[in-house]
Amino acid sequence: MAMTATTFKGRGGGVELGLCFNPNDDRHHGSLFFLFLSGDRSSLPPPPYRSLLLLCPPRLIIIRPTNEYALASSSSSSASLTCTTALIPPSRGCPRMDVTRKEALWINNRFNPHCVRARLPVMLQFQQQKPSASSTPRGSGHAGRLVRMEQLWQEFFSDPSQWWDNRLTKKSPKYPDFKHKRTLEGLWVDGWLNPSWVKEKMASMTLGHIQSGDGLRSRVPYSFCNGDKLSRLCEEGRLKEALHILELIVQQTTKPPIHAYVCLLKGCSRRKALEEGKKVHALIVQSVLDSNIFLANTLVHMYSKCGSVLQAHKVFSNMPQHNVYSWTAIISAYADSGEVEEAINLFQQMQETGLAPDKVLFVLLLKACARLAALEQGRELHSDIIKRGFQSDVIVGSTLVNMYAKCGCTEDARELFDNMSERDVVSWTAMIAGYAQNGLGKEALALYEQMKQEGMQPNNVTFVLLLKACASLAALEQGKMLHSEIIKRGFQSDVVVGSTLVDMYAKCGCTGDARELFNNMSERNVVSWNVMMAGYAQNGLGKEALALFEQMKQEGVQPDHVTFVLLLKACASLAALEQGKQLHSEIIKRDFQSDVVVGSTLVDMYAKCGCTEDARELFDNMSERNVVSWNAMIAGYAQNGLGKDALALYEQMKQEGVQPDIVTFVLLLKACASLAALEQGKQLHSEIIKRGFQSDVVVGRTLVDMYGKCGCTEDARELFDSMSERDVVSWTAMIAGYAQNGLGKDALALYEQMKQEGVQPDNVTFVLLLKACASLAALEQGKQLHSEILKRGFQSDVVVGSTLVDMYAKCGCTEDARELFNNMSERHVVSWNAMIAGYAQNDLGKEALALFEQMKQEGVQPDNVTFVLLLKACASLAALKQGKQLHSEIIKRGFQSDVTVGNTLVDMYAKCGCTEDARALLDNMSERDVVSWTAMIAGYAQNGLAQEALALFEQMQREGTKPDEVTYISVLSACVHSGLVDQGRYVFDSMCKNGVTPTGEHYACMVDLLGRAGCLADAELFINKMPIQPDSVVWMTLLGAARTHAHVEIGRRAFERVVKLEPKNAAPYLLLSNIYAAAGRKDELAKIRDQMKEAGVKKMPGCSWIDVDNHLSAFVVGDATHPQSKEIQAELDRLMGLMKKAGYKPNLSFVLDDVEDKENDI
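Given the structure is predicted, the values throughout are model-derived calculations rather than measurements.

What counts as what
Residues numbered from 1 in each chain as written. Predicted model: local features only at pLDDT ≥ 70, side-chain atom pairs only at ≥ 80, totals over all residues. Heavy atoms only, no water. Salt bridge = Lys/Arg side-chain N within 4 Å of Asp/Glu carboxyl O. Helix = DSSP H or I, 4+ residues; strand = E, 2+ residues; numbered from the N terminus. Buried < 20%, exposed > 50% of the residue type's maximum accessible area, 1.4 Å probe, protein only. Phe/Tyr/Trp six-rings, centres within 6.5 Å; stacked < 30°, edge-to-face > 60°. Core = buried A, V, L, I, M, F, W, Y, C linked by side-chain atoms within 4.5 Å. Contact = heavy atoms within 4.5 Å.

(A) Up close: the pattern of salt bridges. Summed over all chains, the structure comprises 45 salt bridges. A salt bridge links R717 to D721, with the nearest nitrogen and oxygen atoms 3.1 Å apart. Residue R717 and its partner D721 are both found in helix α34 (residues 713-722); the two are separated by 4 residues, about one turn of the helix. Given the relative accessible area of 43%, D721 is considered partly exposed. The partner of E1020 in a salt bridge is R1053, with the nearest N and O atoms 2.7 Å apart. Separated by 33 residues along the polypeptide, E1020 in helix α52 (residues 1016-1024) and R1053 in helix α54 (residues 1048-1061) bring together distant segments of the chain. Assessed through its relative accessible area of 13%, E1020 is described here as buried. Each of R414, D418, R423 and E454 takes part in a single network of salt bridges with overlapping partners.

In structure tokens form, the structure reads like this:
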């Protein structure tokens, strides 16, 4: 057979394929096309047949509507043939044919199995090319057709009213999309001869532009109403176009088909398109079909799914009759909207009408009860189920188990489960879910073991629930065993199971294993990425969570709102404001800012980063705010020390009608606690009782904490004792209340009661108890607590370890504290601060400064507390040089703006005698509080600059800072040291007028002021008129004044009072001895010394120290252990000789008779 190469060009675009022409064959009008493919022959009939005849059975030509052509073959043979290229004309209606069996296949046929679309891309290898210049005929006919086509399109767009629009009604792609009314010429929107500008102009011409009358006339014959086109549009979500078709059908037919309405109503239900649904409803009423029970039921269902329960009920009420489906639809509407009681009422009305409910309705109502934890209604349904004999149905039984479990009645659920006559995997899974959701992970795992013993095979949902139970228990070993089972059963490729495995490992702290599992997942969706990010965030690895988000974007996975919520929480934990702002920008770009959860988390992030103003601005601009949004803003204020703003926001919240929840009250009570705002706390307590939240354990313990921090320990204890449920946090809150109010003994006693009631303490409990021991200097109880800590394994906790160091140091055992500090497995800056504080508090400033040098050598970064402690050590040592060095470091590290550090610097310079430097520092502080002013006033007082102290006190008040108790002590001290009696009296009187209640220390200052001025009688009278019981300090002050002025009687009376209060104190004995010695009363002097010996009181030797070239040297009376003691004594003798030559005579009036002459000279 002779072959001649030729080309073929059809109408429309296509694929270039090799063709040959046989001029000797007269079939198909004397012409035949051959297609050479891998050495085999196939024949292709020319237009208008639009089909392929395959001569070789193993071959199949695939012609697709998108003008793509391909070849699939089972043969492995191939041949390289040179062929001329041609364009095969496309045809949308052309089937894919295997001529040997005379059967046809359509790829887009709606009856195809689901596997077709998945397997075809793998099986087929597509070749698609644009027509090349060589393949396009260049004859005048082709050029003429191009010109004519452009003319037709121009005519169409200039006057569309002259064309019929057949796009919606044509039965085959070979029919034109637009047809001229007079010439009957056709236009195809996808025609390959179309000018390039056609598609751009057509883009704006949708179905909405189809008009009747003057515009395009769309002919919708009754034959079109088969619903295929309508169904496809509804499935694709093109509801407006589908609605327009329905409107045309209603206009042009007397009886539109019911299935057309049903199709659109179902589409509206799926898309929750309420407005489109209402329009369909209007068309139904217009067509007088609203009495059709099937349509009415579908309408009720549509309104239900769109959230319009009232409209659904209106349709239901207007129905002339109801069947069981009608009742099911309306009951479902109320159940889905959370109105379970109304759903139950309708259910009862249905039974009154004589209609018997089916199992489906019971299952629906039970699920609604489970969702809302409506236990009572669920029990009523259970009774009805038993009456109707549905309890033996496995689906109903499983749903009952689920309902009881979700209502918290796991025992009832288990009893029901055990009594089920038939149980499938859903039943077991429902019971396991009940245990897992109620925090009974151990029971869930035990039930799974029973499930396996009874031979029931778990499914993927079972494993998901069990893994969640392991995650809640942090049961890593059981989780690993489940992982092995999952691999054996082949569930590891399930994306939900895989994601839950990642979550389990992360919640057990194994973020490395979680990440490895995540990396090896064959399929990952956005939930998988979210789970991994949540794992990082929950384990304090916020940076890794943010890095994972960058990888997620690189892999093209689109984040959802949950992703941003997790990332914002990570930023909040890191106080990473810049990253948070970047996420905020992305949220706006992706249009998630209107999501209430995302908005609330943004508010929380800004607040936790300290940007309360930005948080508030964002909060005020939220389009929708729920109670979580308000809580986030209230929490932001409370966490940033803005308790007043938090309470003010709560008032606004009530005004706007938002109902607070438990979290709201917890946050507000914490704000009251931080402000010591007792009255507001009591008002909140009343509201809590009104709303029935007082039985909540979290609210209860927060109330205890609030009363404790407001100083009302009795009210706190009364509330604590009345709590129906108390957990370890409740006990710890009460212990904290005692400890913070200086009632350490009560805190330790409560701990004993806690142990008796079997409540196990946690690390926070021990921290508070150790602080109580430290405040009491109760070393023995502290050691007992140390033993308990070792038994319970809390010694490795860095906070517990640091508090132990602090306790030993405050009890004076600095060596034990240092040993404990050295043996700590982990030490952070708090640990170092505790040890430095221990040294400083025990007058071991030299050791404190040395420890700081070691701290720097080990690379530990000091914080502001570290510098405060070290400056106090320098102040106590008057170590100015070291203080200046610390000042330089403070500036380098940027702590100079910290108000506490600034106050301590002022105090250090003042105590080192540099009042001018201290004052310059005070004046340059960007922020000053009452402590700042008080430190400077105290500095002036200590350096004898009383006038400067009083002037600064006046300036402080002029600038609006209210002095506190400590300020008045400093001012009174300045008056004392300078003998300013009248000014001192004035200051004391003004303190009382300004609402500051005097304490024992204030009274002691006044006694000292009067005593130094020689007004001993006035001082004694002042003490006797004190509204509080005078302590030993007050009487000791009077005794010191009596010694100064040698007043025997007042001195004896003061001595008697002091000895009663402090029998082991040697100071009063020595002072009275000096008074007797000065008065020459040797008999009384001998008696007082005998009395001192009988009481076993010993005088501690005096001690002083000096700093020379950064080396501190201490000197104790009678101590000759100093390596240079001989040289020092020789220098003292030399100086004494010089003093005698200069005429120095010591005052011996207070010297006892048995003191050696050498000591008298000194």
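Next comes the rest of the write-up.
(B) The arrangement of the packing of aromatic side chains in detail. Taken as a whole and judged by the stated rule, the model has 30 aromatic pairs. Look at F417 and W428: their rings are 4.9 Å apart centre to centre, the planes differ by 80 degrees, and that puts the pair in the edge-to-face class. Of the two residues, F417 is situated in helix α16 (residues 410-418) and W428 in helix α17 (residues 425-437); the sequence distance between them amounts to 11 residues. In this pair, the class of F417 matches that of W428, namely buried. An angle of 80 degrees between the planes, with centres 4.9 Å apart, marks the rings of F619 and W630 as edge-to-face. Of the two residues, F619 is situated in helix α28 (residues 612-620) and W630 in helix α29 (residues 627-639); the sequence distance between them amounts to 11 residues. Given a relative accessible area of 0%, F619 falls into the buried group. Every member of this aromatic cluster is reached through a ring pair, and the members are W153, F156, F157, W163, F178 and W197.

(C) Looking closely at the nonpolar core. In this structure, Y261, I330, I331, M807 and L1038 are the most contacted members of the largest nonpolar core, which totals 324 residues. Not counting the four nearest positions on each side in its chain, L1038 is found in contact with V1007, L1016, A1019, E1020, I1023, I1050 and A1054. Membership of the second largest hydrophobic core comes to 11 residues, among which are L152, F178, V189 and L193.

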